[in-house]
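Given next are the chains, with one letter for each unit.
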Amino acid sequence: MDKHRRTEHQWALVTGASSGLGRELARQLACDYGIQPLLVARREERLWELKRELEAACGVRSEVLTTDLREEEQLDEVFRRAVAVGNVSTLVLNAGVTYFGLHQQMDYRQFRHMMATNVNSIVRLTQLFLPHLTAQSDRTRILIVSSLAGLLPIPYQTAYSASKAFLCNFGLGLRHELRGTNVSVTVFAPGGIETELLHKSGLAARFGGSVFNHRADQCARSALRALWHNKGLHVPGVFNNAVLIAARLLPRTWMTSIIGHIYADALRELSRPFAQPTADSIHMMR
Ligand SMILES: NC(=O)c1ccc[n+]([C@@H]2O[C@H](COP(=O)([O-])OP(=O)(O)OC[C@H]3O[C@@H](n4cnc5c(N)ncnc54)[C@H](OP(=O)(O)O)[C@@H]3O)[C@@H](O)[C@H]2O)c1
């Protein structure tokens, strides 16, 4: 039995559990840590499928909370329903969307939706849950999924990169405010992960299948280890850390220019003209 399996009466809210990194985080919390996940995303059928899988494979209860995180009233509802289920001791704030293309061609509604998902939902959910977390006698944890793009400017993902930079500063600031309490905050900043996000944004045409990408399960393992070891900021992988070291040594504008050239090439490689709406952007505009 895993050393963390003392936790069967605890729940973890996992946003973005219908796919990619979030689905793996929910799987590992349930199967390796014995924590019962509250599965949050819009695609309900996928959440029910995961719930059935976790209950059969790991014998751990889970609940489905179908939610559109862009809607503020739905965040209040998630909080109300989650704490009615039980003791929520872990928040995994992972859901996110990206945009790849020229900033000036991004539909403003798409920007609002990206900010509402990547930023506003995290600010609001932490505010709602903090009294519940601090009221518990045991340690409670918040994992905020940012990105390497939050530590370096990424041209052609300009607004996404800025939304993730918000999360790095927000998470580290919140961690400091909560020192001396029972709540720890970890910011997780991965580089490329092989998930739907790469395909929906068009980034996969250039970056999909790269040897530098992580698998979602590897990345989830690394994130949860960092969370349980109470790390403030965790960047997984040798390559991503080497990029960060280079970024610290080079002038910021040079690094931005190098990254900008790589991403401009990637955009040119797409068969579509610059920044036509992606499948996800169409989904978000509905
Ligand atoms: N993939 C990468 O290369 C990479 C790199 C660095 C950081 N990240 C970050 O990792 C996190 C997970 O991304 P991923 O790669 O696993 O992408 P993914 O496979 O596309 O998963 C994104 C998840 O977010 C959920 N989501 C999106 N909008 C939502 C909304 N309005 N309401 C509720 N849920 C919503 C999606 O569920 P529904 O569509 O069912 O709602 C899905 O479960 C994101 O924050 C991303 O920025 C990814």
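For the structure, see preceding data.
Residues numbered from 1 in each chain as written. Predicted model: local features only at pLDDT ≥ 70, side-chain atom pairs only at ≥ 80, totals over all residues. Heavy atoms only, no water.

(A) Representation of the overall build of the protein. Along the backbone of the protein there are eleven helices and seven strands. Taken over C-alpha atoms, the radius of gyration comes to 18 Å for the protein, in line with the 19 Å a tight globule of 286 residues would show. Taken across its 286 residues, the protein has 54% of its residues classed as buried. Long-range pairs, those at least 24 residues apart, make up 74% of the contacts in the protein with a sequence separation of at least 6. Of the roughly 13200 Å² that the protein leaves accessible, carbon and sulfur atoms contribute 53%. (Helix = DSSP H or I, 4+ residues; strand = E, 2+ residues; numbered from the N terminus. Rg over C-alpha atoms; globule rule 2.2 N^0.38 Å. Buried < 20%, exposed > 50% of the residue type's maximum accessible area, 1.4 Å probe, protein only. Contact = heavy atoms within 4.5 Å. Areas by Shrake-Rupley, 256 points an atom, 1.4 Å probe, with all protein chains shown as cover.)

(B) Just the packing of helix α3 (residues 72-85) against helix α4 (residues 108-134), in detail. Where α3 contacts α4, the axes come no closer than 10 Å and their chain directions differ by 30°. Comparing the axis directions of α3 and α4 gives the class roughly parallel. α3 and α4 meet at a crossing whose hand is right-handed. Here α3 contributes Leu 75, Asp 76, Val 78, Phe 79, Ala 82 and Val 83 to the contact with α4, which in turn contributes Ser 121, Arg 124, Leu 125, Leu 128, Phe 129 and His 132. (Axes fitted to C-alpha atoms, helices over the stretch in contact; angles between N-to-C directions. Parallel < 35°, antiparallel > 145°, perpendicular 65-115°, else oblique. Left-handed = near helix turned anticlockwise from the far one by under 90°.)

(C) Geometry of the sheet that holds strand β5 (residues 140-145). Strand order in the open sheet formed by seven strands is β3-β2-β1-β4-β5-β6-β7, with parallel pairing between adjacent strands. In this open sheet, the two strands that pair with only one neighbour each are β3 (63-66) and β7 (233-234). Sheet topology places strand β4 (residues 87-93) next to β5; four bridges connect them, and they run parallel. Bridge pairing links Leu 93 to Ile 144 in β5. The sheet strands contacting α4 are β1 (10-15), β4, β5 and β6 (183-188), and the helix crosses β4 at an angle near 155°. Contacts from helix α5 (residues 158-177) reach β5, β6 and β7, with the element oriented near 155° to β6. (Pairing = 2+ DSSP bridges.)

(D) Main features of the nonpolar core. Among the nonpolar cores identified, the biggest contains 30 residues, and Val 14, Leu 21, Leu 25, Leu 29, Leu 143, Leu 224 and Trp 228 are the most heavily contacted of them. Broken down by element, the residue count for this core peaks at seven residues, all from helix α8 (residues 216-228). The next biggest cluster of nonpolar side chains, apart from the first, holds 27 residues, and it includes Leu 38, Ala 82, Leu 93 and Val 185. (Core = buried A, V, L, I, M, F, W, Y, C linked by side-chain atoms within 4.5 Å.)

(E) Region of interest: the pattern of salt bridges. Inspection of the entire model under this criterion finds 15 salt bridges. For the salt bridge of Glu 45 with Arg 52, the shortest nitrogen-to-oxygen distance reads 3.2 Å. Arg 80 is the partner of Glu 77 in a salt bridge, and the nearest nitrogen-oxygen pair spans 2.8 Å. Placement of both Glu 77 and Arg 80 in helix α3 is noted, with a separation of three residues, approximately one turn of the helix. A relative accessible area of 33% places Glu 77 in the partly exposed class. (Salt bridge = Lys/Arg side-chain N within 4 Å of Asp/Glu carboxyl O.)

(F) Structural view of the state of the cysteines. This structure, assessed with the given rule, holds one disulfide. Put simply, Cys 31 and Cys 58 are joined by a disulfide, and their sulfur atoms are 1.7 Å apart. On the sign convention where negative is left-handed, the bridge of Cys 31 and Cys 58, at about 40° about the S-S bond, is right-handed. In this pair, Cys 31 is assigned in helix α1 (residues 20-31) and Cys 58 in helix α2 (residues 44-58), connecting sequence segments 27 residues apart. Residue classification places Cys 58 among the buried positions, given a relative accessible area of 17%. Not engaged in a disulfide, the cysteine Cys 168 finds its nearest cysteine sulfur in Cys 219; these two sulfurs lie 14 Å apart. On the accessibility criterion, Cys 168 (3% relative accessible area) is buried. Residue classification places Cys 219 among the buried positions, given a relative accessible area of 0%. (Disulfide = S-S within 2.5 Å.)

Function cannot be inferred from these measures alone, as they are strictly geometric.
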